[in-house]
Amino acid sequence: MPPREDSNGAGGASSASPSEPAPPPPPQPAKAKGKKEEKKDDDLSEEDQAFKEKLELYVVRAQDPDPGVQKFALESMRKEIRSATSSMTSVPKPLKFLRPHYGTLKAYFETMPDSDLKKYMADILSVLALTMSVEGERESLKYRMMGSEGDIGSWGHEYVRNLAGEIAQEFQKRQYDDMPIDSLMELVQQIVSFHMKHNAEPEAVDLLMEVEDLDLLVEHVDATNYKRACLYLTSSSKYLPSPDDMLALEIAFTIYLKFGDLASALRIALLLDNKQYVKQVYAATDDLLLKKQFSYIIARHGLSMEIDDEIAADVNDKEALQEIVYNTKLSEGYLTLARDIEVMEPKSPEDIYKVHLIDGRGATSSSLDSARQNLAATFVNAFVNAGFGQDKLMTAPSDSSGGASGNWLFKNKEHGKASAAASLGMIHLWDSDSGLAQLDKYLHSNDTHVVAGALLGIGIVSCGVKNDCDPALALISEYISKEDSIIRIGAILGLGIAYAGSQKDELRAHLSTILADSRTLEVLVFSAISLGLVFVGSCNEEIAQSIIFVLMDRSEAELAEPIIRLLPVALGLLYLGKQESVEATAEVSKTFDEKIRKYCDVTLMSLAYAGTGNVLKVQKLLGICSEHLEKGETHQGPAVLGIALIAMAEELGAEMAVRSLERLLQYGEQNIRRAVPLALGLLCVSNPKVNVMDTLSRLSHDADAEVSMAAIMSLGLIGAGTNNARIAGMLRNLSSYYYKEAGHLFCVRIAQGLVHLGKGLLTLSPYHSDRFLLSPMALAGLVTVLHACLDMKSIILGKYHYMLYTLVLAMQPRMLLTVDEDLKPLPVPVRVGQAVDVVGQAGRPKTITGFQTHSTPVLLAAGERAELATEKYIPLTPFLEGFVILKKNPEYHEE
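Residues numbered from 1 in each chain as written. Predicted model: local features only at pLDDT ≥ 70, side-chain atom pairs only at ≥ 80, totals over all residues. Heavy atoms only, no water.

When helices and strands are counted, the chain shows 43 helices and 11 strands. Expressed as a percentage of the 895 residues in the chain, the buried residues total 58%. Considering only residue pairs separated by 6 or more positions, the chain has 72% of its internal contacts joining residues 24 or more positions apart. A total accessible area of about 37,200 Å² is found for the chain, and carbon and sulfur atoms account for 50% of it. Counting 88 positive and 119 negative side-chain charges, the chain places the centres of these two groups 4 Å from one another. (Helix = DSSP H or I, 4+ residues; strand = E, 2+ residues; numbered from the N terminus. Buried < 20%, exposed > 50% of the residue type's maximum accessible area, 1.4 Å probe, protein only. Contact = heavy atoms within 4.5 Å. Areas by Shrake-Rupley, 256 points an atom, 1.4 Å probe, with all protein chains shown as cover. Lys, Arg positive; Asp, Glu negative; His and termini not counted. Charge placed at Lys NZ, Arg CZ, Asp CG, Glu CD.)

This is the structure:
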């Protein structure tokens, strides 16, 4: 912030321009200076010359033995200094002309007896020290402490800012020497209240952070400036080291509660992942509508919460709120959006491939490995029609009595049938009633793969929506202990997806017994992953213990299996984003077999610090990537993903990470290069940035098959749900380029399905609420899939392709749907534009730029923000995303 010109202050004093001469040393011998002075005096205008002489006279008089004369001289000096304003670039005239006399006055000050006059002199010296004192001496502060206890603001902004800087240095020194700091804190109080009155909230917050006393802020904010102070606090918390970041958020939470900005307080409670705070926010209001809005925010975040008597006393209210928290209205809202945008028409995979647009050979090659082609079509169909409840492969009615879904199902081989049956769950996403009815018939099939797929489908249909009678658990639980391992895997993964983040105890019992008993490696791995998903971020020690035992008991041969890499991921999910809570477990992981020790260590660290932006951890991971490995260790892959996971917390970190990843591409070993595209995909998930898109496009033709497949998948991830035409074009070209490579072609198809996810209405981004909140379930789903993609050939292209369905955890409609007080859709005009960061800016800057006005429901792309374009309604949350309840504005009168 540039220094303000203040009518009453030395405006730009300390930010004197570089052209100003450096302060001359205190003049002791006057003769040597004489000649120079004469030369300089020629340049001064007459009035300046007169002014200079007047000031010099004051300096002489100030040293007069008569106190009366002294007092008058000091007061005149004080008046001159205060009334002088300056331009932004120069030192105010009185300070400039008094410069040569600073030393004289300082020396004289030491000889003065203690009196009011001495304090007066100290005040003036303190201001002169602004431009005169030697760096690091903190003279301004020294004289301020000796001076009169007066209003510091009257000397101007620049003086106050300079003081604040010196206080910060002094505070550090005193803490180091264990000296008392009370006198400093009184001054801090004055400065903070001055800053808060003059719209300089960031400076007040900075000073309080320096002197480690943010609590003071709560009493100094008022209704006019609390929003800006909190915005600065929450934004800067991303860059603060732990535990200061949490403290800043807690203070912001307190301030929001104090001023009744409850929706903002709720976001912070969710960011801190503190259920007590969430309840506090509910308890702070009696307005049922507001509580409903909170419930929508909680449902979108995916926090599973029981509405108890503290939150709502009335039984009907409780039910209404619980229904919203359970997300039961999500499907309805999503279909409202789809009808409004007119995309209800089901799409077939052919509509997505657009083969007719490809020149030449790509069109003819469909005979290659038709089962794999069909499997790809199954996924594309599921992704594109996700949540629409109808498609052209699985649900389309046909003439024959068998129904088309039966036909398509059996166009797949063995485990392909599992994915085909499960795709039905994806098509009926969030609509558990009709989805379960459709899937039920497959549970009675004689084909184990079909049953497994149906169980997984039941999990997918219930993903993110809950229900009091837990139909998914009731249907699936009897299949967990079946003989057949594919059925068990379907059931286990289904439960993991259905109850992700719910921390349900019944599931812990069910799945932990499998971990203890099972002999089959794949069943163990999927049980661990499901436990990781259900108890994501819970730091549950028992589960961590049981997964650790599984890891310790593996034989050499089993540790060589590709799927084993998911066990450390499962362990890491328990600590997702929980920072140092992971340390005990990480210590234990150092005792594992050397084949998996480092892999586990890196994975745990990267997941525990996911979304925190912790710079030190990123540096550590970059260090791991720079090592040159001799024997085939694989832990550099997760390290690369870890860089993206940690740095995705804020825009700046993400951009820097993209640049670091470019370096790794140039210098890294092969196993690093294979992970880089996936890391880029994670950094820009559902946010197709041009530079990343170009890098991935280049890598998708890489000589190394693993690199190019990872790049193709990542093109799908960065374009997920955006219908991005450029990526769609790239993928079409790739499909003809790789027409002979079944594996690559499969990846291209999956990517095509992702780009058109939900016909462009869905996003995979784990961030929401203005990129402020990170949904742990969504991130868990992405991480699991990306770690599986680290070994594309054996997992995704092998028989575990149904791992891709874990992405459903991150799928959310990227919509803004406004509803009235009865929760019925209510179309209103809104402006949608690119979000602008307005932290610490003066005045009331616009928060969006380049907007267009639409009528809700509308789609929000990455980095976009919406605001109401009408005064007629008041939104119950300042962040327009997802479901927003509007209430009529009582002060609005129609023209």
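Picking up where we left off.
What follows is about the packing of helix H40 (residues 725-737) against helix H41 (residues 742-755). It is at 9 Å that the axes of H40 and H41 come closest, and there the two elements cross at 160 degrees. Between H40 and H41, the crossing angle belongs to the class labelled roughly antiparallel. In this structure, H40 meets H41 at a crossing whose hand is left-handed. Here Ile727, Leu731, Arg732, Leu734 and Ser735 of H40 lie close against H41, whose contacting residues are Leu745, Val748, Arg749, Ala751, Gln752 and Val755. (Axes fitted to C-alpha atoms, helices over the stretch in contact; angles between N-to-C directions. Parallel < 35°, antiparallel > 145°, perpendicular 65-115°, else oblique. Left-handed = near helix turned anticlockwise from the far one by under 90°.)

A sheet is described by the order of its strands in space; here four strands give the open sequence S8-S5-S11-S10, paired in mixed fashion. At either end of the open sheet lies a strand with only one pairing partner, and these are strand S8 (858-859) and strand S10 (873-875). Here helix H18 (residues 330-341) sits on the sheet in contact with strand S5 (815-819), S8 and strand S11 (882-888), set at roughly 105 degrees to S5. (Pairing = 2+ DSSP bridges.)

A few words on a nonpolar patch on the surface. A cluster of nonpolar residues, Tyr239, Leu652 and Met656, forms a patch on the protein surface that exposes about 340 Å² of accessible area. With respect to the secondary-structure elements, Leu652 resides in helix H36 (residues 651-667). (Patch = residues over 30% accessible without salt bridge, like charges linked within 9 Å, V, L, I, M, F, W, Y side chains within 5 Å. Salt bridge = Lys/Arg side-chain N within 4 Å of Asp/Glu carboxyl O.)

If you check H36, its first and last C-alpha atoms are 25 Å apart, about what 17 residues at 1.5 Å a residue would give, namely 24 Å. Against the buried residues of H36 lie helix H34 (615-625), helix H35 (636-647), helix H37 (670-683) and helix H38 (690-699). (Expected span 1.5 Å × (residues − 1).)

Enumeration according to the criterion identifies 31 salt bridges in this entry. Linked through salt bridges whose partners overlap, the residues forming this network are Arg78, Asp123 and Arg144.

What follows concerns the packing of H35 against helix H42 (residues 776-789). Taken N-terminus to C-terminus, the directions of H35 and H42 make an angle of 155 degrees; their axes are 11 Å apart at the nearest point. The angle between the axes of H35 and H42 places the two elements in the roughly antiparallel class. Handedness of the H35/H42 crossing: right-handed. Note on element contacts: H42 touches H35 through Leu779, Val783, Leu786 and His787, opposite Pro638, Leu641 and Leu645. Classifying every residue of the contact of H35 with H42 gives six nonpolar, one polar and no charged. (Nonpolar A, V, L, I, M, F, W, Y, C, P; charged D, E, K, R; others polar.)

Tracing the backbone shows Asn724 in the loop between helix H39 (705-718) and H40. With relative accessibility at 17%, the residue Asn724 sits in the buried group. Sequence-distant contacts of Asn724, defined by excluding residues within four places in its chain, comprise Pro688, Met693 and Val755.

Judged by nonpolar contacts, the single largest core of 300 residues is most densely connected at Met77, Leu217, Leu764 and Met811. It is helix H6 (residues 116-132) that provides the largest number of residues to this core, a total of 11 residues. With near-sequence residues (within four places) excluded, Leu217 lies in contact with Met196, Val205, Leu208, Leu233, Ile251 and Ile255. Grouped together as the second largest cluster of nonpolar side chains are 13 residues, Val828, Val858, Tyr873 and Val884 included. (Core = buried A, V, L, I, M, F, W, Y, C linked by side-chain atoms within 4.5 Å.)

Further remarks concern the sheet that holds strand S7 (residues 848-855). The strand order S7-S6-S9 describes an open sheet built from three strands, whose pairing is antiparallel. Of all the strands in the sheet, just S7 and strand S9 (864-868) have a single pairing partner and so form its edges. Taken pair by pair, the neighbouring strands of this sheet meet at an average axis angle of 30 degrees, ignoring direction. Where strand S6 (residues 829-835) meets S7, six bridges bridge the pair, whose relative direction is antiparallel.

Here the focus is the state of the cysteines. All told, the structure shown has zero disulfides when counted by the stated rule. Cys463 forms no disulfide, and the closest cysteine sulfur to it belongs to Cys469, at a distance of 17 Å. As a non-bridged cysteine, Cys539 has Cys600 as the owner of its nearest cysteine sulfur, 15 Å distant. (Disulfide = S-S within 2.5 Å.)

Another aspect to go through is the packing of aromatic side chains. Each aromatic ring pair is summarised here by two numbers: the centre-to-centre distance and the angle between the ring planes. Summed over the entire model, instances satisfying the criterion amount to 16 aromatic pairs. Summarising the aromatic geometry, the rings of Tyr296 and Phe883 are spaced 4.7 Å apart at their centres and angled 10 degrees between planes, so their arrangement reads as stacked. One end of the pair, Tyr296, is in helix H16 (residues 288-301); the other, Phe883, is in strand S11, and 587 residues separate them in sequence. An angle of 35 degrees between the planes, with centres 5.0 Å apart, marks the rings of Phe379 and Tyr805 as tilted. Here Tyr805 lies in the loop between helix H43 (795-799) and strand S4 (812-813) and Phe379 lies in helix H20 (residues 370-384), a separation of 426 residues in the sequence. Here Phe379 and Tyr805 have matching classes, each one buried. By the ring-pair criterion, three or more aromatic residues cluster together here, those being Phe379, Phe383, Phe746 and Tyr805. Just above the ring of Phe109 sits the side chain of Lys118; from NZ or CZ to the centre is 4.8 Å. Of note, Arg771 hangs over the ring of Tyr767, and the distance from its end group to the ring centre comes to 4.5 Å. (Phe/Tyr/Trp six-rings, centres within 6.5 Å; stacked < 30°, edge-to-face > 60°. Lys NZ or Arg CZ within 6 Å of the ring centre and 35° of its normal.)

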